[in-house]
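Here are the chains, one letter per residue:
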Amino acid sequence: MDKDQVKLTSAEIGTLWGQYVNGTAIQMVNKYMLSIIEDEKIKQIFTDSIETSDHQLREIEQFIQNDGFPVPDGFSDSDLNEGTERLFSDIFCLHYLHIMTLHGLIGHTTSLSSSVRRDLRDFYETCSKEAMSMYQRTTDLLLEKGHFQRDPFFYPETKTDYVSGQKFLKGFSNGKRPLAATEIIAVSLNLKKKILERSLSIGFSQVAQSKEVRKFLESMQDESNQQIQSLGNILEGDNLPVPMSWESEVTTSQASPFSDKLILYHIGFLLQSAQSYHGSGLASAMRVDLVATYEKIILKNIMITKEWFNLMTKNKWLEEPPLAPNRKEIARDK
């Protein structure tokens, strides 16, 4: 069957819709960062990223329009305040692009796995390759500038071994067993993302116009601090290094480069994305204290996300995704 005769499935329109709204939000932040960056190498990588994203967003628009769905409003230049003071350092901007590229890489792969139409699969395959290339470039540049934070090292065992009973879950007789490499992956990644979330919350809370938004962002900082401390304590318990914080890369500016709608949406995007990473960490955890830590973080984030949802809907800032037809309502209105 010709692809033009194959309608988008609910999964396909859902991923396109989500990629578009999230993509336009991040694109606005990238445009602001490009306007303040002084380092030429970092500036070039942002220029290329924005051009790539512009092309991808235009293609998504076309997919959505061709199937008769309305293109989401998303975010635009109206959510940017040009000419404001610098809020972030060049290095923070590069860290931000690196982490957002990771989100994009995982998002494109997930969207590809949800797609059946060949043109969509080809599109997401291209997006994934572009994200891989950008990940390589941001990693190389962070390494070049001495700012890439490697995951913890440890010395290898002399031989392989097998799990023998419940003590692997509960710990050895003299205390907790050391973290497994598979557990360290998730703890380290979750810490890096949580550190970015906290740093953005600090910057955004300085510039947000709404008192309610500022209050929410301040509570986000407090919760992020607690979660960073909880995960950091687990690494430190095995004498493993904790990723460094980036607060010093946020200036004291109080002039907002963004609309409050964009600020709050972006934090919500990070909150919701974090839940999937916390879930992956929970799935890989085989030590009871680590399981308990992830469970506590996940439950707390659910509560915070509810607060975020209420604030977004109160201000009419949350765009409604495509809904399945309400058959009862259609029959009732006949």
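Residues numbered from 1 in each chain as written. Predicted model: local features only at pLDDT ≥ 70, side-chain atom pairs only at ≥ 80, totals over all residues. Heavy atoms only, no water.

Draft legend 1. Molecular detail of the side chain of His 278. Within the secondary structure, His 278 is located in helix H8 (residues 260–284). Look at His 278 and you get buried, because its relative accessible area is 1%. A polar side-chain atom of His 278 sits 3.3 Å from a polar atom in the side chain of Asn 301. With sequence-adjacent residues up to four places away left out, His 278 is seen in contact with Asn 190, Lys 194, Gln 227, Tyr 294, Ile 297, Ile 298 and Asn 301. (Helix = DSSP H or I, 4+ residues; strand = E, 2+ residues; numbered from the N terminus. Buried < 20%, exposed > 50% of the residue type's maximum accessible area, 1.4 Å probe, protein only. Polar contact = N/O pair within 3.5 Å; in protein donor to acceptor, adjacent residues only side chain to side chain. Contact = heavy atoms within 4.5 Å.)

Draft legend 2. Inspection of empty space enclosed by the protein at higher detail. Going through the model one piece at a time under the given rule, you end up with two cavities of 30 Å³ or more. When its volume is computed, the largest cavity comes out at roughly 80 Å³. Forming the boundary of the largest cavity are His 103, Asn 190, Lys 193, Lys 194, Leu 196, Glu 197, Leu 270, Ser 273, Ala 274, Tyr 277 and His 278. Of all the secondary-structure elements, those providing two or more residues to the lining of the largest cavity are helix H6 (181–207) and H8. Residues belonging to the lining of the largest cavity are distributed by class as follows: four nonpolar, four polar and three charged. (1 Å grid on protein atoms, 1.4 Å probe; cavity = no way out; pocket = protein on both sides within 12 Å on 5 of 7 lines; lining within 4 Å. Points joined across faces, edges and corners; volume = space filled by probe spheres on them. Nonpolar A, V, L, I, M, F, W, Y, C, P; charged D, E, K, R; others polar.)

Draft legend 3. Just the nonpolar core, in detail. Ranked by size, the top nonpolar core spans 69 residues in total, and within it Met 33, Phe 88, Phe 92, Tyr 96, Leu 200 and Phe 216 carry the most contacts. Taken together, the elements giving at least two residues each to this core come down to helix H1 (10–36), helix H2 (40–66), helix H3 (90–113), helix H4 (118–144), H6, helix H7 (211–237), H8 and helix H9 (288–314). Beyond its immediate sequence surroundings of up to four residues, Phe 216 is in contact with Leu 264, Ile 267, Leu 271, Ile 304, Glu 307, Trp 308 and Leu 311. (Core = buried A, V, L, I, M, F, W, Y, C linked by side-chain atoms within 4.5 Å.)

Draft legend 4. How the structure looks around the environment of Tyr 124. Topologically, Tyr 124 is positioned in helix H4. Taking relative accessible area as the criterion, Tyr 124 reaches 0% and is therefore assigned buried. When the C-alpha atoms of Tyr 124 and Leu 112 are compared, they prove to be 5.5 Å apart, with twelve residues separating the residues in sequence. In contact with Tyr 124, not counting residues within four places along its chain, are Thr 15, Leu 16, Gln 19, His 108, Ser 111, Leu 112 and Ser 115. At 3.5 Å, the side chain of Tyr 124 and the side chain of Thr 15 are in polar contact.

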